Amino acid sequence: MKICCIGAGYVGGPTMAVIALKCPSVEVVVVDISAKRIAAWNSDRLPIYEPRLYEIVDQCRGRNLSFSTDVERHVSEADIVFISVNTPTKTCGLGAGKAADLTYWESAARTIADVSTSDKIVVEKSTVPVRTGESLKKILTHNSKGINYQILSNPEFLAEGTAVQDLLRPDRVLIGGLETPEGQKAVQVLKDVYAHWVPEDRIITINLWSAELSKLVANAYLAQRISSINAISALCEATGADVSEVAHAVGEDSRVGPMYLNASFGFGGSAFIKDILSLVYICECNGLTDVAEYWKQVLKINDFQKNRFVKRVISSMFNTVVGKKIAVLGFAFKKDTGDTRDAPGIDVCKGLLDDEATLSIYDPQVSEEQIRYDLTMQKLDWDRSSSNKLLILSPTEMKQVHTASNAYEAAEEAHGVCILTDWDEFRELDYRKIYEAMCKPAFIFDGRNVVDPEKLRAIGFIVYSIGKPLDPWVKSRAVAG
Ligand code: NAI
């Protein structure tokens, strides 16, 4: 059997590497239009950082796993074709700022239709709007040359930073197919692939539309949990309750569970925001305005939380950060990844730069080039009907951005430190050394609750931790709006 995956990204690469590892008899080829990405997959420095990924790729590459730019050849030779291309939010035209941009997806589908000469199972791995399988069928069969295509939905639930572990031991694998005999036969073929390492009771087979929608709903639920605890963090700060204690007390209830209850300055990443926007748009297109408004609140609270964090920083530092050096620890949207797509830290940095701070940014996995790119990028304002552009940094503001090669260098002579990613190394820094090298009074704003505020106060820092009892100084500074 030959499997071809179109899209060698955060999902295509790790997913196919694990299939190749667990199914030695299957030939797996990952193809991409980006020659740079493919070259990196074929090198010692993979294009994405994921713990344990390199070992697996190294073990399978040259055996039954390969990476290629020859999209047409490998698609035409494959029995199963996964589509794992990016489906970002549309930036212009109908549905801009909300709808999923299916340009890449459509081009992948058209390639399959154009080059296929034998029957194929085509698997939607990308996260797509519900009923995209119908459009896929239309594209594939417009000139099918007698070829039989079976379409399956097999959304991916891995989380960046734990992708390998998630793929090796998934909570569940979801396979959606049409309820026809041919559709069910195709479901069984894909099920047999996963059955090489996933226990059968964890492979859920459902109808195609349910599978497509389940992925969007799963992400919306996870994001909703974060926004819920983040909303409560604001109330904790106002009342003296401690959000970690509240989260623990609530999460112990088996009906709630403990996961995704860590308060932070906001969530980001390539999936949550775009998938909720896509869900909102689908609801609106189906005339379900109230349902759309309900899910929009999850994003509104996320924006509220990021703004609140910036306001805390500025108000605590005597209402001005003009010319002050602020060390930013972490830029990736979460630990153990170098991915910065929709990272909440981007908005915080832009907010501080807007108030004329000077930033010294350190992240163990994000390059200076990426940081500068993200800070100069325009961002769509999802909450307006027009596709308004938000802040674009001026060249002067970009001069206020510096990067550092470690946390100590970033904090040297800084007035404040903002912790924006939960990298383990930030828990173990020598904060006394950092304190001594900083301007006084020295402020720490912990957007991820990775440090112990009491220990830092004992050193001499003025500390703000999300949702924790406030330092008297921070509390005394009113935050408007
Ligand atoms: P990505 O942007 O890292 O990778 C997509 C790749 O597809 C790119 O390398 C791009 O060059 C390639 N591509 C685009 N059009 C192509 C075409 N016509 N032919 C060949 N290659 C093409 O995206 P990522 O993060 O891997 O996401 C892929 C899909 O999986 C998205 O729909 C995403 O929502 C979904 N997903 C992402 C997760 C994540 O953690 N990143 C988790 C679960 C699902």
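What this report covers is the structure whose coordinates are included nearby.

Rules behind the numbers
Residues numbered from 1 in each chain as written. Predicted model: local features only at pLDDT ≥ 70, side-chain atom pairs only at ≥ 80, totals over all residues. Heavy atoms only, no water. Helix = DSSP H or I, 4+ residues; strand = E, 2+ residues; numbered from the N terminus. Rg over C-alpha atoms; globule rule 2.2 N^0.38 Å. Buried < 20%, exposed > 50% of the residue type's maximum accessible area, 1.4 Å probe, protein only. Contact = heavy atoms within 4.5 Å. Polar contact = N/O pair within 3.5 Å; in protein donor to acceptor, adjacent residues only side chain to side chain. Pairing = 2+ DSSP bridges. Axes fitted to C-alpha atoms, helices over the stretch in contact; angles between N-to-C directions. Parallel < 35°, antiparallel > 145°, perpendicular 65-115°, else oblique. Left-handed = near helix turned anticlockwise from the far one by under 90°. Expected span 1.5 Å × (residues − 1). Disulfide = S-S within 2.5 Å. Phe/Tyr/Trp six-rings, centres within 6.5 Å; stacked < 30°, edge-to-face > 60°. Lys NZ or Arg CZ within 6 Å of the ring centre and 35° of its normal.

## Re the overall build of the chain
Next up, step 1: The number of helices and strands found in the chain is 19 helices and 14 strands.
Next up, step 2: At 24 Å, the chain has a C-alpha radius of gyration in line with the 23 Å of a compact globule built from 481 residues.
Next up, step 3: Taking the principal axes of its C-alpha atoms as reference, the chain extends roughly 75 × 50 × 45 Å.
Next up, step 4: The proportion of buried residues among the 481 residues of the chain is 54%.
Next up, step 5: Expressed as a percentage of contacts within the chain between residues at least 6 apart in sequence, the contacts between residues at least 24 apart total 75%.

## Description of the environment of Arg-61
Next up, step 1: The topology assignment puts Arg-61 in the loop between helix 3 (53-60) and strand 3 (65-68).
Next up, step 2: The residues contacting Arg-61, other than those within four sequence positions of it, are Trp-41, Asn-42, Ser-43, Asp-44, Leu-46, Tyr-54 and Phe-67.
Next up, step 3: A distance of 2.5 Å separates the side chain of Arg-61 from the backbone oxygen of Trp-41, its partner in a polar contact.
Next up, step 4: Of note is the side chain of Arg-61, whose polar atom sits 2.9 Å from the backbone oxygen of Ser-43.

## With respect to the sheet that holds strand 12 (residues 416-419)
Next up, step 1: Read from one edge to the other, the open sheet built from six strands follows the order 11-10-9-12-13-14, with strand pairing classed as parallel. Each of the sheet's edge strands pairs with one partner strand only, and the pair in question is strand 11 (401-403) and strand 14 (462-465). Geometrically, the sheet is characterised by an average inter-axis angle of 20° between neighbouring strands, direction not taken into account.
Next up, step 2: As judged from the three bridges shared by strand 10 (residues 358-362) and strand 11, these two strands associate in the parallel manner. Residue pairing in the sheet places Ser-360 in a bridge with His-402 of strand 11.
Next up, step 3: Along the sheet, helix 13 (residues 344-354) makes contact with strand 9 (325-329), strand 10, strand 11 and strand 12, crossing strand 10 at roughly 155°.

## Structural notes on the packing of helix 11 (residues 272-285) against helix 12 (residues 289-316)
Next up, step 1: Viewed as axis vectors pointing N to C, helix 11 and helix 12 meet at an angle of 155°, and their least axial separation amounts to 8 Å. When the interaxial angle is binned, helix 11 and helix 12 end up roughly antiparallel. As for how helix 11 packs across helix 12, the hand of that crossing is left-handed. Listed contacts from helix 12 to Ile-273, Ile-276, Leu-277, Leu-279, Val-280, Cys-283 and Glu-284 of helix 11 are Val-291, Ala-292, Trp-295, Lys-296, Val-298, Leu-299 and Asn-302.

## As for helix 9 (residues 208-239)
Next up, step 1: Look at helix 9: 47 Å from first C-alpha to last across 32 residues, which is about the 46 Å you get at 1.5 Å a residue.
Next up, step 2: Remark: Gly-240 follows helix 9 within two positions and exhibits a positive phi of approximately 90°.

## What to know about the state of the cysteines
Next up, step 1: Applying the stated criterion across every chain, the model contains zero disulfides.
Next up, step 2: Of the cysteine sulfurs around Cys-283, a residue in no disulfide, the closest is that of Cys-285, at 9.3 Å.

## Focus: the packing of aromatic side chains
For any pair of aromatic rings, the description rests on two quantities: the centre-to-centre distance and the angle between the ring planes.
Next up, step 1: In this structure the tally under the stated criterion is 14 aromatic pairs.
Next up, step 2: Their ring planes at 85° and their centres at 5.1 Å tell us that Tyr-294 and Trp-295 sit as a pair that is edge-to-face.
Next up, step 3: On the numbers, 5.9 Å between centres and 5° between planes, the contact of Phe-443 with Phe-445 is stacked. Each member of the pair, Phe-443 as well as Phe-445, is classed as buried.
Next up, step 4: By the ring-pair criterion, three or more aromatic residues cluster together here, those being Phe-318, Phe-443, Phe-445 and Trp-473.
Next up, step 5: Above the ring of Trp-209, the side-chain terminus of Arg-131 is found at 4.0 Å from the ring centroid.

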